Amino acid sequence: MTDDMLRAPAEVKYAEELDWLESVDDGPKPFSWRLSPRMVRLFVLGSQRSDGLDREIAQKWFGDRTFVERSIVTLASDRGLLLIGDPGTGKSWLAELLAAAISRDSTLVVQGTAGTTEDHIKYSWNVSMVIARGQSRESMIPSPIMTAMERGVIGRFEELTRATSDVQDALISILSEKYVSVPELDDDAIVFAKPGFSIIATANSRDRGVNDLSSALKRRFNFVRIPVVTNKRSEAEIVRFRTEELLRRHQIELDVPPTLLDILLQSFADLRAAAASATSDDEKLESALSTAEQIGVLEDAILHSNFFGDRILRAETLAGSLVSSLARRSPEDLAILNKYWHGVVEPRSKQDGDPWPAFLDGGRQAIATLS
């Protein structure tokens, strides 16, 4: 079934695993949850020997377990969950995994943008049916959030701070009263939420000031802040996990040398340190230098090596991918990368040897091409 989808949702991708967890789950389940809180945590963070299971459950989200536990506890209460953090910290992936484990449906999603309206989180109308038969429940088109209310499952709202204040305020009554009024109808004019309904929202901390949340809306969410992964071991696990998924999806047989993964991790660590010590925005890369961007750099290099190279990942290709991905502003970002290549990569290539010299040459060539 997943072969027919460009990107299968978590409940489809891990359907067999979720089925098995349900079959062995004898823990108490809140409301209409498909798995108990302990099994939800195990699905997200993976199993350990102490869990005493007959099979291994792979880890899917890499981060502090307390963030996952607090998220699960919040969803078992009457409050909404707001995952907030820098871009690329895995907020949306965690939200999808939680919805898949709890409801077996992570697709009830509203994407917050400047064009998102109140209809997107409440309901709209099938115009042709309204003309033919008038306004009724049959001619109403429920939003993903209203559908989640009616089914008693998890609804998701991505990029909450990107939506306007009017749209945000429409969530207040949903989160507090747990119903939506439909004044156009005489009968069935109120849609009540069933037990098990909740909302997982995400917000980028870098969007602060775009459309700040009102105090009333903040009170109806439990905030879980997802930090940027700075531990090299954890970051390496995340990058390796996502890269293996890419290789399987494209049916690519290509090894990622550990030395090149170390170079990628070290380069991002160096650039983050430089950004932290910068005195102005002009001295910082526009990129957030997140783990997700590291994955993007490595994926780009792998695909380039597979389609246009000799199917061997080389340091020159990785360097070119890094420069091309991070040089978003010209000439500002190119100047920062050029300074890094001359001040850090060049000395390191002389001191540490292979594969740093090839990485040095590949980066220089990419910078020269883009300049």
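In what follows, the structure referred to is the one given above.
Not measured: the values here are computed from a predicted model.

The rules we used
Residues numbered from 1 in each chain as written. Predicted model: local features only at pLDDT ≥ 70, side-chain atom pairs only at ≥ 80, totals over all residues. Heavy atoms only, no water. Phe/Tyr/Trp six-rings, centres within 6.5 Å; stacked < 30°, edge-to-face > 60°. Helix = DSSP H or I, 4+ residues; strand = E, 2+ residues; numbered from the N terminus. Buried < 20%, exposed > 50% of the residue type's maximum accessible area, 1.4 Å probe, protein only. Patch = residues over 30% accessible without salt bridge, like charges linked within 9 Å, V, L, I, M, F, W, Y side chains within 5 Å. Areas by Shrake-Rupley, 256 points an atom, 1.4 Å probe, with all protein chains shown as cover. Salt bridge = Lys/Arg side-chain N within 4 Å of Asp/Glu carboxyl O. Lys, Arg positive; Asp, Glu negative; His and termini not counted. Charge placed at Lys NZ, Arg CZ, Asp CG, Glu CD.

## Topic: the packing of aromatic side chains
Counted according to the given criterion, the structure contains seven aromatic pairs. Ring centres of Tyr14 and Phe43 lie 5.9 Å apart, and the angle between their planes is 80°; this geometry places the pair in the edge-to-face category. One end of the pair, Tyr14, is in the loop between helix H1 (10-13) and helix H2 (15-24); the other, Phe43, is in helix H3 (residues 37-45), with 29 residues separating them in the sequence. Given the relative accessible area of 12%, Tyr14 is considered buried. Classification of Phe43 as buried rests on a relative accessible area of 0%. Here the aromatic residues Tyr340, Trp341, Trp356 and Phe359 are joined through ring pairs into a cluster of three or more.

## Comments concerning a negative patch on the surface
Residues Asp281, Asp282, Glu283, Glu286 and Glu332 make up a contiguous surface patch of negative charge. Inspection of the secondary structure puts Glu283 in the loop between helix H11 (258-277) and helix H12 (291-308).

## A few points about the pattern of salt bridges
With the rule as written, the count across this model stands at 20 salt bridges. Among the salt bridges present, the one from Glu96 reaches Arg7, with a minimum N-O distance of 2.6 Å. Residue Glu96 is located in helix H5 (residues 91-103), and its partner Arg7 is located in the segment before H1; the two are separated by 89 residues in the primary sequence. Judged by its relative accessible area of 6%, Glu96 is buried. On the basis of relative accessible area, Arg7 is assigned to the exposed category, the value being 51%. The partner of Glu69 in a salt bridge is Arg65, and the shortest N-O contact between them spans 3.3 Å.

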